[in-house]
Each structure stands twice: as C-alpha cells, then as structure tokens.
Amino acid sequence: MAFYKDHYQVIIIGGGLAGMACALQLQAKGVSDILILEKHNLPGGLATSYVRNGVEMEATLHEMMSIGPKEDRLKVGQFFDEMGVDIDWLRVPEAYRFVETEKGIDITLHSGFKKMAHEIEKKYPGWGRKVYDFMNLCNRVYDSMNYLSTHQMGKLKMLKEHPDFVRTLGYTAQQVLDTYHFPEDVQDILKAYWIYVGNPTDTLPFTIFAFLLADYFRGGSYVARGFSHEMSMKMERKVEEQGAQFEFCQEVTKILVKDGRVYGVRTKRGDEIHCDYVVSGAYPNRVYSQMIEPASEVPEGAIKVINAKKLSVCPVSVMMVLDGTPEELGIHDYNIFSTNNMHMDELWANSKTLGPYHYLTSICLNLANPDCCPQGLTQFSITALPLVNAFEGVKEEDYFALKRQLAREMIGTYEKTTGIVIHDKIREIEVETPVTVSHYVGAWKGSIYGYAHDMQDHVVARLQTADSERFIRGLQFAGAHGISGDGMGPQITNGRAAAKGILDSLKEEK
Ligand SMILES: Cc1cc2nc3c(=O)[nH]c(=O)nc-3n(C[C@H](O)[C@H](O)[C@H](O)COP(=O)(O)OP(=O)(O)OC[C@H]3O[C@@H](n4cnc5c(N)ncnc54)[C@H](O)[C@@H]3O)c2cc1C
C-alpha cells in the first residue's frame, strides 16, 4: 500500500501546537482531508518533555495563558474544551514574585485585579486604586482585542464601542504607564512580565502589554498535569481520531509552487505529495529563502517582508532536578522574576550579549504540579531570554563550555538574589539554548517568539497587512511567526487563523 495518497486537500508542515490547532479548526469546519508531516518523532514541537534518569522533565512550559478556570474559560481554554481535547489543567498559585536588588523591591502578586492592586497598596500606600484603574484599562483593551480578532468593524463603530482600544493603539506601554505617574517602584513591578513578550516597554505596543497583563491577572495561568506534552499528545490523538493522517520523521524540504499557487510538497525522503493548500510551521524566513521550488516562484515582496522583520528572543534555560522537596530547599515561589534593576535600556543591551544575564525567571514546577517528580525531588528551572543575534557568532568548539558557563552564572545569580543554595543539590541538569531550539524544531535562529512586537510591527498593523503579505496562493503560515506572535496560547490562535485563511479561500473559490 502506498504511504501517501496522491492528493490531499491540506498538508500541514509541522505537528507543533499551531499546526495541530489548525488541523482541529479545519476538522471542526468540515475539512478532513489533512496530512500532517512532522520531522521529529513526537508531536508538539517545543511543547514537549524528556526523561533523565527516570524523571520526566518539562522542556519548556512555565505558564499557559488564556486558559481560565473551568467556569470562566478564556479563549484558548475554550478552544480545547470545544474541540474535546480534555487537558488536566492545574492553576499556578501566584502571578509572580518580583525581586529587584538595586532598589530592594520584593513583592508577590496574585491574580485578580483587586487582589494584586491590594497587594501593591499594602507596600505602596495610596497607589492601589490607581493600579486597579490601570488594570481595568488593560482589561477593556483585552476585551476589545479578543472581539476585534473575530469581528470586522468600521472605524466609527470601533471608536464608539472600543474607545480605549482606539485611544491607546498608537502608544507604547511606557507612554501609557507614564500617564499614571506611578512611583518608579510600582512601574517596575507592573513591567515584570515584559520578558514574556521579549520587548522593552518603550518600544512595546501598549495593546500587547495590556493583553498580557489582563490575561494573566484576570484568568491566572495554568500548566498541564502531564506537562506540555499532555497537550501535544491529546491534540495529536484527537486530530488522528478525526481522520487526519499524521506522519512522523518526515521533514518537508520543498514547497512546490506553479504560477503563484502551491500544489504540493517534497519531503527529505524524496516523496512528492500533492495538495490544494499548504500550512507551514516553518518560519517564513526558511520558506522563502530555502523551501519554495522553483526559486523563481519566490515573490520579491516576500523577501522584503522577511528582511524587514526583527526576530524576537530565544531561550537560555537551565533545567534541573534537585535533591530535596521545595520546602527542604527553601523554595516557596512558583515563579520569581529577578533583576538587578529595571533600566530597560540596560536590560535590553544585556539581552544582546552572551551573559551574564540580569533578568531571570525561575520556576519551581512542584508548586503548581506537586506530582511532577518522584517524592523528595524538585523540578526547577532558571531562564533568560536573550535576542537571537547574541548566539550567531558562537563557534562550535566553544559551545559546550559556553553552556556550562551560562548555567553556572545563572545559578549563581539566582542564589545571590534569593539566598537559596541549589548548586550542591543538582541531580540532573540540562541547558537549553537557541541552538537546541533550532536543532530540535528548526525554528529560525532558535527564535521561540517569532517576530518582535514593536511599534513598527504591531499586531493591528499585521492584521491590516495580512492580505497583502499572502504572496503565494494556497500557502498559509501557522506558528510563533504568525500575527499573534509568541507563546503556546497564541499558537492556538495562530493555528486557527491559518485555518480561517483556508476556509475563506475555499469559500471564495466555490
Ligand atoms: C525554554 C522555553 C520556555 C518556554 N516557556 C513558555 C511558557 O511558559 N509559555 C508559553 O506559552 N510558551 C513558552 N515557550 C514558547 C513556546 O514553546 C513556543 O512559542 C511555541 O511552542 C511555539 O509553537 P509553534 O507551533 O509555533 O512551533 P514549534 O513548537 O517549534 O513547532 C513547529 C513544529 O514543526 C516541525 N517542523 C518545522 N519545520 C519542519 C519541516 N520542514 N518539516 C516537518 N516538520 C517541521 C517541528 O519539528 C515542530 O514540531 C517556551 C519556549 C522555550 C524554549
């Protein structure tokens, strides 16, 4: 029997979260003739785990946004529920603890606008009310963004019904924060999540910042009991149950194009498979520079667009299994953002280097998922998110020494900041870098967050230019390089957007 059919309606390159969300959305709308080609031997891409010495270790997920509690699901949680992908979500206990050593700031915030405003009020009397107002502004922008992502609206109506969204659209996070005249400490505390979008607040669009803050502080954040791998395995099962063909260890090397329209793909193994639509999990940079066959079908505009995009951050993550329970080790926080100071220009300059990194996030998985390790052990990670360019010049022969040096520095900084000693408790350790990411999933230069969200490449501008940037008919992209950008939650949205692109074309072509 032939391995592949002669023709599929849709071929999806990559079985990451975005690719699988795209497949689920297409299936929900009646498109079932789908082939997913995944180069790795597992689904999920970066949403994965690995085993060291009998202990399963989470490879990536710190916290998942847009899930929400069962009785009040947010967008992504709703999607999983509606698709029948039943994830055992566990709520992360706090939003974050923020430690800034230069000014001696040390505060823990929990989700709930009132609650976090009250926590700030307790340390900075007189400012809680204003923080609450600010969070409500973020929340209104959040609601508008969610509404406008699925509804077309004229300018006048938008102005009338979404005034805060329109009013703040042209401003950076910093510009809007400045209008509140918060004390510097309060501003610093509110900016702690900046790293999750990988852009300093003085160039980060307020809409993105508001979305992030409102989502995390409104619905809290979640992890899956079976790690991010649980999402991947359950999505894959559902996609296959609903009739899609999912093939592993099949790398797509070429996308076949004729007269400006896709007609198939070629795999590394040499199979040529035909289809009407291709959804690419591979970055546009790779697609337009290496994958379109023949190369003469690469539109000039596409090259201009990829050259104009700025890649966002990539991870340096030190992942450990520690001897001892969190209690024995003195670890009481799920998530600490720590830094020497919050001077954005300095932090940004630091993120362009090979360390030592100043802005770190440390995660103790046990505190959200108590059964994540055998008893008596702790699963713990420390992560910095530098820019991809920092790693471009690293020579192969220096790579392993660099990884060890980064791990030592990051553990040292964590110990100095918190007073918690972990270096003599390490049972297992892995260090993940952009090189790991690039090697494992093929993400362009190891970027995990796609393209930087800044005022020149704003999510709203991306929505407005999306049609004119669809250069090859029948080709959609689904991944962190999509309109919604980074993170696992947004990959669900990016996958659904790719599905919508195909569904719209199908309607037009009828
Ligand atoms: C250390 C770390 C921590 C993170 N923490 C969080 C977090 O706490 N919360 C959060 O939301 N996000 C987090 N992320 C980011 C998140 O993992 C990614 O943004 C997201 O998983 C990207 O999903 P994707 O579908 O775009 O791509 P990927 O996960 O990269 O999936 C792409 C898939 O396509 C396959 N593929 C690529 N090219 C081809 C080809 N040519 N042929 C066949 N298959 C191909 C790859 O093998 C892969 O399976 C973290 C990432 C890292 C590395």
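Procedures and definitions
- Residues numbered from 1 in each chain as written.
- Predicted model: local features only at pLDDT ≥ 70, side-chain atom pairs only at ≥ 80, totals over all residues.
- Heavy atoms only, no water.
- Domains from an automatic or database assignment.
- Buried area = accessible area lost by both parts, 1.4 Å probe.
- Salt bridge = Lys/Arg side-chain N within 4 Å of Asp/Glu carboxyl O.
- Near = heavy atom within 4 Å.
- Polar contact = N/O pair within 3.5 Å; in protein donor to acceptor, adjacent residues only side chain to side chain.
- Areas by Shrake-Rupley, 256 points an atom, 1.4 Å probe, with all protein chains shown as cover.
- Nonpolar A, V, L, I, M, F, W, Y, C, P; charged D, E, K, R; others polar.
- Buried < 20%, exposed > 50% of the residue type's maximum accessible area, 1.4 Å probe, protein only.
- Helix = DSSP H or I, 4+ residues; strand = E, 2+ residues; numbered from the N terminus.
- Arc of directions from axis to C-beta.
- Contact = heavy atoms within 4.5 Å.
- Patch = residues over 30% accessible without salt bridge, like charges linked within 9 Å, V, L, I, M, F, W, Y side chains within 5 Å.
- Lys, Arg positive; Asp, Glu negative; His and termini not counted.
- Charge placed at Lys NZ, Arg CZ, Asp CG, Glu CD.
- Pairing = 2+ DSSP bridges.
- Axes fitted to C-alpha atoms, helices over the stretch in contact; angles between N-to-C directions.
- Left-handed = near helix turned anticlockwise from the far one by under 90°.
- Core = buried A, V, L, I, M, F, W, Y, C linked by side-chain atoms within 4.5 Å.

We now examine the domain arrangement of the chain. In many reports, interface size means the accessible area that the parts give up when they come together. Here the domain parsing of the chain yields domain 1 (7-65 + 226-309 + 451-509) and domain 2 (110-218). The C-alpha-based centres of domain 1 and domain 2 are spaced at 30 Å. When domain 1 packs against domain 2, the two sides together hide about 1200 Å² of surface, and 66% of this comes from carbon and sulfur. On the domain 1 side of the contact with domain 2, Met65, His453 and Met455 bury the most area, a combined 47% of that side's loss. Counting across the interface, domain 1 meets domain 2 through zero salt bridges.

The next thing to look at is the site of the ligand. Around the ligand, the surrounding shell holds 29 residues, and the nearest of these are Glu38, Leu46, His62, Ala480 and Met488. One of the backbone nitrogen or oxygen atoms of Glu63 is found 2.9 Å away from a nitrogen atom of the ligand. For the ligand, an oxygen atom lies 3.2 Å from a polar atom in the backbone of Gly487. Relative to its free-state accessible area of 1000 Å², the ligand is covered by the protein chains to the extent of 94%. Here the residues of the shell around the ligand are counted per class, giving 13 nonpolar, 11 polar and five charged.

All of the buried residues along helix 3 (residues 113-123) are Phe113, Met116, Ala117, Glu119 and Ile120. Down the axis of helix 3, the buried set is contained in an arc of 155 degrees. They therefore lie on one face. Structural note: helix 3 exposes Lys114 and Lys122 on the side pointing more than 90 degrees away from its buried face. If you follow the buried residues of helix 3, they end up packed against strand 7 (105-109), helix 4 (128-148), helix 8 (184-190) and helix 9 (206-219).

What follows concerns a negative patch on the surface. A surface patch of like charges, here negative, comprises Glu102, Asp202, Asp345 and Glu346. Among the secondary structure elements, Asp202 is positioned in the loop between helix 8 and helix 9.

Of all five residues in strand 15 (residues 335-339), five are buried; the element is thus mostly enclosed. On strand 15, burial covers both faces: Asn335, Phe337 and Thr339 on one face and Ile336 and Ser338 on the other are all buried. As paired strands, strand 6 (residues 96-100) and strand 15 are joined by four bridges and run parallel to one another. By the bridge assignment for strand 15, Glu100 is matched with Thr339. By the bridge criterion, four bridges tie strand 15 to strand 16 (residues 360-364) in an arrangement that is antiparallel. What sits directly across from Asn335, in strand 16, is Ile363.

Relative orientation of the contacting elements helix 1 (residues 17-28) and helix 10 (residues 227-241) amounts to 35 degrees, with a least axis distance of 10 Å. As helix 1 runs across helix 10, the sense of the crossing is left-handed. Taken together, the residues of helix 10 that come into contact with helix 1 (itself represented by Leu17, Met20, Ala21, Ala23, Leu24 and Gln27) are Met231, Ser232, Met235, Glu236, Lys238 and Val239. Grouping the amino acids of the contact of helix 1 with helix 10 by side-chain chemistry returns eight nonpolar, two polar and two charged.

With that out of the way, let us pick up the nonpolar core. Counting residues in each nonpolar core, the largest one holds 95 residues, and the members touching the most others are Tyr96, Phe98, Phe134, Tyr193, Phe217 and Ile255. Taken domain by domain, this core gets at least three of its residues from each of domain 1 (7-65 + 226-309 + 451-509) and domain 2 (110-218). Look past the residues within four positions of Ile255 in its chain and what remains in contact with it is Ile13, Val262, Gly264, Val265, Val278, Val287, Met291, Ile292, Glu293 and Leu475.

Right, let's get into helix 2 (residues 75-83). Val76, Gly77, Phe79, Phe80 and Met83 are the residues of helix 2 that are buried. Angular distribution of buried residues about the axis of helix 2 spans 160 degrees; they occupy a single face of the element. Where helix 2 is buried, its residues meet helix 1, strand 5 (89-91), helix 10 and helix 18 (488-509). One or two steps after helix 2, the chain reaches Gly84, where phi turns positive at roughly 75 degrees.

A cis geometry characterises the amide bond from Glu293 onward to Pro294, with omega recorded as 0 degrees. Tracing the backbone shows Pro294 in the loop between strand 13 (292-293) and helix 12 (300-308). With omega at 0 degrees, the peptide bond leading from Gly355 into Pro356 counts as cis. Within the fold, Pro356 resides in the loop between helix 14 (344-350) and strand 16.

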